[in-house]
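For reference, the chains in residue letters:
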Amino acid sequence: MIAENNKVVSVAYELHVDDGENGKEFREKVTKDEPFPFLFGANNILPKLEEAIAGKSVGDPFEVFIDFENGYGDYDEARKVIIPKSNFKEQSKKNKDILKIGNVIPMKDDKGNRLRGEILKVDYKGVHMDFNSPLAGYDLYFKGEVVSIREAEPEELEHGHVHGPGGHQH
């Protein structure tokens, strides 16, 4: 079986990043014991990474360089915003557990698109958040191996993403 559309492909990899100033730095390792699964062809990973994995079989290595423009784009100061603290209240009470510097909060924009926002600061103006990807502005170097490939379940195809062991997990 090969990595192609409508297959669930699991990969192990090492990711190194380069900000253009400090050289390549180690960022993340995903092991064969806990590989990263994705639905091939469903736009769930970077297109250049998917291209590097296309046609591979279990055990095949892959290696790809993705410049920041084809990765997560350049860091954009306009993606840093201040949101009123009142938007974070639950049952009319301020949720202090959520409003901590460094917390990453899943949110949606006005069109329903999923976003992840990191809290930078909380002050009298509101909650200062950064909606840039943590990898924005970095060139990416992936080196890895295809760990497994299987047919996608009908529900996974319908939803456009992989479900965890035992079924549906969001």
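Sequence positions are assigned chain by chain, starting from 1 and proceeding in written order. With the structure being a predicted model, the display of local features is reserved for residues of pLDDT at least 70 and the display and counting of side-chain atom pairs for 80 or more, all residues being used for whole-chain, interface and lining totals. Values reported for side chains reflect all heavy atoms of the structure, with hydrogen atoms and water molecules removed beforehand.

Caption draft 1: Layout of the overall build of the protein. Where helices and strands are cited, they refer to DSSP runs of H or I of at least four residues and of E of at least two residues respectively, numbered from the N terminus. Each helix and strand in the protein was counted, giving two helices and 11 strands. Scanning the protein from its N terminus toward the C terminus, one meets helices and strands in the order β-β-β-α-β-β-β-β-β-β-β-β-α. Taken along its principal axes, the extent of the C-alpha atoms in the protein is 55 × 45 × 30 Å. Partly exposed describes any residue whose relative accessible area lies between the buried limit of under 20% and the exposed limit of over 50%, with all areas from a 1.4 Å probe on protein chains only and scaled to the type maximum. Classification of the 170 residues of the protein by burial places 32% in the buried group. Look at the contacts in the protein between residues 6 or more apart in sequence, and 63% of them connect residues 24 or more apart. With the model as given, the accessible surface of the protein reaches about 10,900 Å², and the carbon-plus-sulfur share is 46%. Each charge sign in the protein was given a centre, from 23 positive and 32 negative side chains, and these centres are 9 Å apart. The contact criterion used is simple: two residues touch if any of their non-hydrogen atoms lie within 4.5 Å. With residues, only the protein chains shown are counted as cover, and all accessible areas are computed by Shrake-Rupley using a 1.4 Å probe. Only four residue types enter the charge count, namely Lys and Arg as positive and Asp and Glu as negative; His and the chain termini do not. By convention, the charge on Lys lies at NZ, on Arg at CZ, on Asp at CG and on Glu at CD.

Caption draft 2: Summary view of the packing of aromatic side chains. Working definition: a ring pair exists when centres of Phe, Tyr or Trp rings (six-membered ring for Trp) sit within 6.5 Å. Plane angles under 30 degrees give stacked, over 60 give edge-to-face, the rest tilted. Under the definition given, this model contains four aromatic pairs. Centroid distance Tyr13 to Phe142: 5.4 Å. Interplanar angle 70°. Geometry classified as edge-to-face. Of this pair, Tyr13 sits in strand E1 (residues 7-18) while Phe142 sits in strand E11 (residues 139-151); the two residues are 129 residues apart in sequence, bridging distant segments of the chain. Given a relative accessible area of 11%, Tyr13 falls into the buried group. Whether a charge lies above a ring is judged from NZ of Lys or CZ of Arg, which has to be within 6 Å of the ring centre and within 35 degrees of the ring normal. Positioned above the aromatic ring of Tyr141, the side-chain terminus of Lys24 is 4.2 Å from the ring centre.

Caption draft 3: How the structure looks around the environment of His159. With respect to the helices, strands and loops of the structure, His159 is situated in helix H2 (residues 154-159). The exposure class assigned to His159 is partly exposed, which follows from its relative accessible area of 33%. Taking the C-alpha atoms as reference points, His159 and Lys24, separated by 135 residues in sequence, lie 36 Å from one another.

Caption draft 4: Focus on the sheet that holds strand E10 (residues 126-130). DSSP bridges decide pairing: two strands pair if at least two such bridges lie between them. Strand order across the open sheet formed by four strands is E5-E10-E9-E8, with antiparallel pairing between neighbours. At either margin of the open sheet sits one strand with a lone partner, and together these are strand E5 (80-83) and strand E8 (104-108). Sheet twist, expressed as the mean angle between neighbouring strand axes with direction ignored, is 40°. Across four bridges, E5 lies against E10 in antiparallel orientation. Between the N-to-C directions of two axes lies an angle of 0 to 180 degrees, each axis being a line fitted to C-alpha atoms and, for a helix, fitted only over the stretch in contact.

Caption draft 5: Fine view of the nonpolar core. In these notes, a set of buried Ala, Val, Leu, Ile, Met, Phe, Trp, Tyr and Cys residues joined through side-chain atoms within 4.5 Å is what counts as a nonpolar core. Core analysis: the biggest nonpolar cluster contains 22 residues, and Val9, Val11, Leu49, Ile53, Leu140 and Phe142 have the highest contact counts within it. Counting only elements with at least two residues in this core, the list comes to E1, helix H1 (47-53), strand E4 (61-66) and E11. Apart from residues lying up to four places away in sequence, Ile53 is in contact with Ala3, Val9, Val11, Phe38, Phe40, Ile45, Phe62 and Val146. Formed by eight residues, the second largest nonpolar core is a distinct cluster that contains Phe88, Leu99, Ile105 and Met129.

Caption draft 6: How the structure looks around the pattern of salt bridges. Note on definitions: salt bridges are taken to be side-chain nitrogens of Lys or Arg within 4 Å of carboxyl oxygens of Asp or Glu. What the rule picks out here adds up to seven salt bridges. Close ionic contact of Lys29 with Glu14 constitutes a salt bridge, the shortest N to O distance being 3.8 Å. Of this pair, Lys29 sits in strand E2 (residues 24-30) while Glu14 sits in strand E1, and the two are 15 residues apart along the sequence. With a relative accessible area of 28%, Glu14 lands in the partly exposed category. Across the pair Lys121 and Asp123 runs a salt bridge, and its minimum N-O distance is 3.7 Å. What makes Lys121 partly exposed here is its relative accessible area of 41%. Taken together, the shared-partner salt bridges connect Glu4, Lys7 and Glu151 into one network.

Caption draft 7: Structural view of the environment of Leu120. Within the fold, Leu120 resides in strand E9 (residues 114-123). Between the alpha carbons of Leu120 and Lys100 there is a distance of 8.4 Å; along the sequence they are 20 residues apart. Apart from residues lying up to four places away in sequence, Leu120 is in contact with Lys80, Ile101, His128, Met129 and Asp130.

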